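Per-entry structural report
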Amino acid sequence: QVHVGESGGGLVQAGGSLRLSCAASGRIFSSYAMGWFRQAPGKEREFVAAIHRSGGDTYYADSVKGRFTISRDGAKNTVYLQMNSLKFEDTAVYYCAVHRNTEILLTGSGAYWGQGTQVTVSS
């Protein structure tokens with residue numbers, strides 16, 4: 001059994017910042033990858049960022065590179081997404097995902113998912 005839960009979403013003005021948190025519990029190991037996806041109204045869910053928990057390698061979508069930073073607290077099976085210089089286009093429900101394999105996590109296939117947290121950026 002695996003549980004994934006996100007928090008930290010909210011309403012911010014363009015150019016502002018938010019920090020999302022995701023905690024995973026259950027049969028999770030330190031080597032599991034964790035990351036973030038998002039889905040805007042009328043659009044498919046898209047990859048945002050991921051981190052290889054044991055090695056520290058990080059991955060970012062081109063649309064957020066240089067603005068978002070993903071980090072981890074391995075002891076707590078927790079990941080964070082620091083979002084700076086937010087744009088209206090970042091408005092979406094953000095989902096946390098967990099998978100044993102980083103490459104597979106990037107596709108979203110077979111991952112454990114949280115329920116999502118809403119991020120709304122006003123323009």
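Refer to the structure presented above.
Figured I'd write up the structure that's included with this text.

Criteria and cut-off values
Residues numbered from 1 in each chain as written. Predicted model: local features only at pLDDT ≥ 70, side-chain atom pairs only at ≥ 80, totals over all residues. Heavy atoms only, no water. Disulfide = S-S within 2.5 Å. Helix = DSSP H or I, 4+ residues; strand = E, 2+ residues; numbered from the N terminus. Buried < 20%, exposed > 50% of the residue type's maximum accessible area, 1.4 Å probe, protein only. Polar contact = N/O pair within 3.5 Å; in protein donor to acceptor, adjacent residues only side chain to side chain. Contact = heavy atoms within 4.5 Å.

Notes on the state of the cysteines
- Under the definition given, this model contains one disulfide.
- Between Cys 22 and Cys 96 runs a disulfide, and the two sulfur atoms are separated by 1.9 Å. Judged by the sign of its S-S torsion, about -85°, the bond between Cys 22 and Cys 96 is left-handed. Linking Cys 22 in strand E3 (residues 18–26) with Cys 96 in strand E9 (residues 92–99), this pair joins segments that are 74 residues apart in sequence. We note that Cys 22, like Cys 96, is buried.

Comments concerning the side chain of Thr 91
- Take Thr 91: it is sitting in the loop between strand E8 (78–83) and E9.
- Here the side chain of Thr 91 touches Phe 88 through a polar contact of 2.9 Å, landing on its backbone oxygen.
- Beyond its immediate sequence surroundings of up to four residues, Thr 91 is in contact with Ala 40, Gln 118, Val 119, Thr 120 and Val 121.

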